[in-house]
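Commentary on secondary and tertiary structure
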Amino acid sequence: MPALIAASAARTCLGDEQETYAALLAGRSGLGPLRHIDPDSVHVRYGYHVPDADPETPLRPSAWLAECAGRALKQSGVDPRRQRVLAVVGTGLRELRAVEREVGGVRTEQLHFAGAVQSVAPIAEVCTLAGACSAGGHALALGQDAIELGDADAVLVAAADGMTESMLAMMGRVVDEPTDALRPFDTGRTGVLLGEGAAALVLVPESSGSPLARLVATGLSCDAGHETAPDVDGICRAMRDAFDRADRHPADVGLVIAHGTGTALNDPAEATALHRIHGASAPLATALKGAIGHTSGSSALHGVAVAIECLRQGRIPPVVGLREPIEEARSVRLVRGTPVPTPRKLVQVNAFGFGGVNAVTLLETA
Amino acid sequence: MTGVAITGSAVYLPGADRPGPPAYPPELARKVLGRKRLLFKEPATRLALCAVHRMLGLPDGEPGHDRPLEPRTAVVASSNLGNVETVADIVRTVRADGWRAVSPLAAPNASSNVLASAVAGWFRFGGPNFLVCSGATGGLDAVAVAVRLLRARRADRVVVVGAEPADEVATALHERRTAQSGPLRAGAACLSLTAATRGVPILRVSSPVDAPESPPDAGFGDSYGAHGIIAAALAVQDLPADPVRVVCGDPADGWRALELERRSVG
């Protein structure tokens, strides 16, 4: 039984899902100075913060997750009291910021997100999984499986991440100069910057009401090689897995929402993989991280949230930060400057993470 | 698919009095895994690698990382505290000596999924890969998810591996757990799950269910996110004729149970 997306909610530095999409169409960015953690100590000066309270408020990712999950469930009309509802939450960095601030300041059950989900809905089975920067895509795959296998009447698929000092320090450690802006697929890109936020989707079976989009498939793979460098073969396996599972073809894709981290290694590897898979059909492509930063485990679901709006509202936002595309990106048509119309075809959302974990999602108008 | 078979298992509990070859502590993992590529591998990752090494039947000291890619083998890991010491160490270093003092080789450990991806990278398992970190239910959540991966035909085999360390930071955090059943115990275990085929004697795995029962005690201490997998692997290795129920969880995170049964399909 195929899966439909009944509801979508997101929180980024640019606002909720509608505010984020509107800002993306306008080419706006949420980039700003790092608001917490000493920039000089981590060699990172900028980030894409959610503009809420003090950035050191404990357990902010849990709060964003609860807000998105609550809104998505309400929008969907799903009632966890009467229906079999599971939740799968993807994350890159969990609530590790709380551990960094004070080991004794957090209870272990607050490191995962069952409590956040259960603060807004009586869902007994909440599975939190860590999957680096493709965690949300992995959660989406597992959620779709649960619907297709008839294991649930609805699945809440969510993701949440903030910034950790340890990850910032690792990013700062590998750049010559602190990055001033994230520029996906740009020849002058200087590295990644972190974003913050959460996202939630509610999946239901094909027979249900008036959905936002049809979830076609998510393909998964692990490079099983180098731990931090991306691998074109591994990425291609995830893309092919998505098309094989859906019995669809790369030529059916009209838009790719790329992972596009703006790092030296990711962007050429992703562009090369896109060339290998989509070379003949040259789909449109956009990328979000120049506007909302790298939102870690939420990245894939932020891509899906924007994909849903592209399908419903008919316009694709441009890549913020892109000036001159890298040579490897020649076989995708990167959207630059102003929005363009969304083709009535599949949308592909890419997400790749540390450890070589890849998730590629396909969705379309229901 | 007529069920799920457990086609392999291993328990790796340093310090436990168990039959078979000794389980060395993480700092002596080279005795099992060989000397190479262990730099910057965290204790929990080392324990997990040792468990999988033993499950695969590789001789002690023989490296397991020159194997061909297995794109249809998935890894579902479970751990809650595997990388907390690394994260605390990086932060301590940064605050004392600045970003130049941290090693980029520690970068993978800043990401919570490192244990799962390290097992995949080591043994070249190229299928779906993630780490369940759902607290006390994590071990059997991982088994449940692994069963679903097989049913959804995302993999032909799933290596389910659980591991927790007992370092200073992990132990301090565990003491703040609302409902632990004892001190944190370092250890690992793994299971190899495949779709059952006709005529093959299998262990039938039922989907985990809620089990609001008394705290589980498998006689090896509290290994938190690894507990369910350790208990299941111990049960598999000493399975009686009648079905066995394995339980993990706590009052804060809830409960999961698993039925194991020796039977032949078809």
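Up top is the structure these notes are about.
All of the points below concern the structure found in this document. This structure is a prediction, so every number in the text was calculated from the model and none was measured.

Analysis parameters
- Residues numbered from 1 in each chain as written.
- Chains lettered and ligands numbered in written order.
- Predicted model: local features only at pLDDT ≥ 70, side-chain atom pairs only at ≥ 80, totals over all residues.
- Heavy atoms only, no water.
- Helix = DSSP H or I, 4+ residues; strand = E, 2+ residues; numbered from the N terminus.
- Rg over C-alpha atoms; globule rule 2.2 N^0.38 Å.
- Contact = heavy atoms within 4.5 Å.
- Areas by Shrake-Rupley, 256 points an atom, 1.4 Å probe, with all protein chains shown as cover.
- Lys, Arg positive; Asp, Glu negative; His and termini not counted.
- Charge placed at Lys NZ, Arg CZ, Asp CG, Glu CD.
- 1 Å grid on protein atoms, 1.4 Å probe; cavity = no way out; pocket = protein on both sides within 12 Å on 5 of 7 lines; lining within 4 Å.
- Points joined across faces, edges and corners; volume = space filled by probe spheres on them.
- Nonpolar A, V, L, I, M, F, W, Y, C, P; charged D, E, K, R; others polar.
- Buried < 20%, exposed > 50% of the residue type's maximum accessible area, 1.4 Å probe, protein only.
- Pairing = 2+ DSSP bridges.
- Phe/Tyr/Trp six-rings, centres within 6.5 Å; stacked < 30°, edge-to-face > 60°.
- Buried area = accessible area lost by both parts, 1.4 Å probe.
- Salt bridge = Lys/Arg side-chain N within 4 Å of Asp/Glu carboxyl O.
- Polar contact = N/O pair within 3.5 Å; in protein donor to acceptor, adjacent residues only side chain to side chain.
- Core = buried A, V, L, I, M, F, W, Y, C linked by side-chain atoms within 4.5 Å.
- Axes fitted to C-alpha atoms, helices over the stretch in contact; angles between N-to-C directions.
- Parallel < 35°, antiparallel > 145°, perpendicular 65-115°, else oblique.

1. Remarks on the overall build of chain B
- The secondary structure content of chain B amounts to 7 helices and 8 strands.
- Computed over C-alpha atoms, the radius of gyration of chain B comes to 18 Å, within 12% of the 18 Å expected from 2.2 N^0.38 for 266 residues, which places it in the range of a compact globule.
- Within chain B, residue pairs in contact and separated by at least 24 positions form 77% of the contacts whose partners lie at least 6 positions apart.
- Accessible surface computed for chain B: about 9800 Å², of which carbon and sulfur atoms make up 50%.
- Within chain B, one finds 29 positive and 26 negative side-chain charges whose respective centroids are separated by 8 Å.

2. Here's the deal with empty space enclosed by the protein
- For the coordinates displayed, the defined rule picks out 4 cavities of 30 Å³ or more.
- In this structure, the largest cavity encloses a volume near 130 Å³.
- What lines the largest cavity is simply Leu86, Ala87, Val88, Glu125, Val126, Cys127 and Leu142 of chain A together with Asp141, Ala144, Val145 and Arg148 of chain B.
- Among the secondary structure elements, those contributing two or more residues to the lining of the largest cavity are strand S5 (85-91) and strand S6 (126-130) of chain A together with helix H5 (138-151) of chain B.
- By residue number, the principal contributor to the lining of the largest cavity is H5 of chain B, which donates 4 residues.
- The residue inventory of the lining of the largest cavity, partitioned by class, reads 8 nonpolar, no polar and 3 charged.
- Here the second largest cavity defines a volume of roughly 70 Å³.
- Lining the second largest cavity are 14 residues, with Ala258, Leu288, Lys289, Ser299 and Gly303 of chain A positioned closest to its centre.
- Looking at the lining of the second largest cavity, the elements with two or more residues in it are strand S10 (253-258), helix H10 (289-292), helix H11 (299-313) and strand S15 (346-353) of chain A.
- Here the element with the most residues in the lining of the second largest cavity is H11 of chain A; it accounts for 4 residues.

3. A word on the pairing of S15 of chain A
Residue and element names in this part refer to chain A.
- In terms of residue burial, S15 counts as a mostly covered element, since 8 of its 8 residues are buried.
- Neither face of S15 is open: one carries Leu346, Gln348, Asn350 and Phe352, the other Val347, Val349, Ala351 and Gly353, and all of them are buried.
- Examined bridge by bridge, S10 and S15 share 4 bridges and lie parallel to one another. Following the sheet pairing, Ile257 is matched in S15 by Val349.
- Between S15 and strand S16 (residues 357-364), which follow one another and run antiparallel, lie 3 residues, and Gly355 among them has a positive phi close to 90°.

4. Quick word on the packing of aromatic side chains
All names here are of chain B.
- If you walk through the whole model with that rule in mind, you get 1 aromatic pair over all chains.
- Here the aromatic rings of Phe123 and Phe125 are separated by 5.8 Å at their centres, their planes lie at 25°, and the arrangement is stacked. For the pair formed by Phe123 and Phe125, the shared burial category is buried.

5. Some details on the interface of chain B and chain A
- Every contact between the two is made by 62 residues of chain B and, on the other side, 62 residues of chain A.
- Interface area, chain B with chain A, both sides summed: about 5000 Å², of which 59% is carbon and sulfur.
- Area buried by chain B at its contact with chain A is led by Trp99, Arg148 and Arg154 of chain B, which between them contribute 16% of it.
- Taken together, the links from chain B to chain A amount to 4 salt bridges.
- Taking the shortest distance from any N to any O, the salt bridge between Arg95 of chain B and Glu165 of chain A comes out at 2.6 Å.
- Counting across the interface, chain B meets chain A through 22 residue pairs in polar contact (both at pLDDT 80 or more).
- Listing elements by their share of the side of chain B that touches chain A, those giving two or more residues are helix H3 (84-97), helix H4 (114-123), strand S3 (129-132), H5 and helix H6 (168-175) of chain B.
- Residue contributions to the side of chain B that touches chain A peak at 6 residues, all from H3 of chain B.
- Taken together, the residues that form the side of chain B that touches chain A break down as 32 nonpolar, 16 polar and 14 charged.
- Here S6 of chain A runs beside S3 of chain B; their pairing, made up of 2 bridges, is antiparallel.

6. So, the environment of Met167 of chain A
- Note that Met167 of chain A resides in helix H7 (residues 165-173).
- The buried category is assigned to Met167 of chain A, whose relative accessible area is 10%.

7. Description of the pattern of salt bridges
- Across all of its chains, the model carries 35 salt bridges over all chains by this definition.
- A salt bridge links Asp145 of chain A to Arg154 of chain B, with the shortest nitrogen-to-oxygen separation between them at 2.7 Å. Here Asp145 of chain A, found in helix H6 (residues 135-148), pairs with Arg154 of chain B, found in the loop between H5 and strand S4 (157-164), and the two come from separate chains. Judged on exposure class, the residue Asp145 of chain A and its partner Arg154 of chain B are both buried.
- Between Arg248 of chain A and Asp252 of chain A there is a salt bridge whose closest N-O contact spans 3.6 Å.
- Residue Arg248 of chain A is classed as partly exposed on the basis of its relative accessible area of 30%.
- Ionic contacts of the salt-bridge type, sharing partners, join the residues Glu56, Arg97, Glu100, Arg101 and Glu165 of chain A together with Arg95 of chain B into one network.

8. A word on the nonpolar core
- Core analysis: the biggest nonpolar cluster contains 109 residues, and Leu363 of chain A together with Leu191 and Leu193 of chain B have the highest contact counts within it.
- Apart from the residues lying within four places of it in its own chain, the contact partners of Leu191 of chain B are Ile6, Gly8, Ser9, Met55, Val143, Val158, Val159, Val160, Ile229, Ala232, Ala233 and Val236 of chain B.
- Core analysis: the next-biggest nonpolar cluster, separate from the first, contains 37 residues, Ala130 of chain A together with Tyr12, Leu58 and Ala77 of chain B among them.

9. Comments concerning the side chain of Thr179 of chain A
Residue and element names in this part refer to chain A.
- Following the sequence through the fold, Thr179 ends up in the loop between H7 and strand S8 (197-205).
- When its relative accessible area of 4% is taken as the criterion, Thr179 is described as buried.
- Here the side chain of Thr179 touches Thr190 through a polar contact of 2.8 Å, landing on its backbone oxygen.
- With sequence-adjacent residues up to four places away left out, Thr179 is seen in contact with Tyr46, Thr190, Gly191, Val192 and Leu193.

10. Quick look at the packing of helix H1 (residues 17-25) of chain A against H11 of chain A
All names here are of chain A.
- One can describe the packing of H1 onto H11 by two numbers: an axis separation of 10 Å at closest approach and a directional angle of 70°. The angle between H1 and H11 places the two elements in the roughly perpendicular class. For the pair H1 and H11, the contacting residues are Gln18, Tyr21 and Leu24 in the first and Val306, Glu309, Cys310 and Gln313 in the second.
- Grouping the constituent residues of the contact of H1 with H11 by class yields 4 nonpolar, 2 polar and 1 charged.

11. What about the environment of Pro2 of chain A?
Residues and elements named next belong to chain A.
- Within the secondary structure, Pro2 is located in the segment before strand S1 (3-12).
- Sequence spacing of Pro2 and Ser207 is 205 residues, and the spatial spacing of their C-alpha atoms is 8.9 Å.
- Setting aside anything within four residues of it in sequence, one finds Pro2 in contact with Ile147, Glu148, Val204, Pro205 and Glu206.

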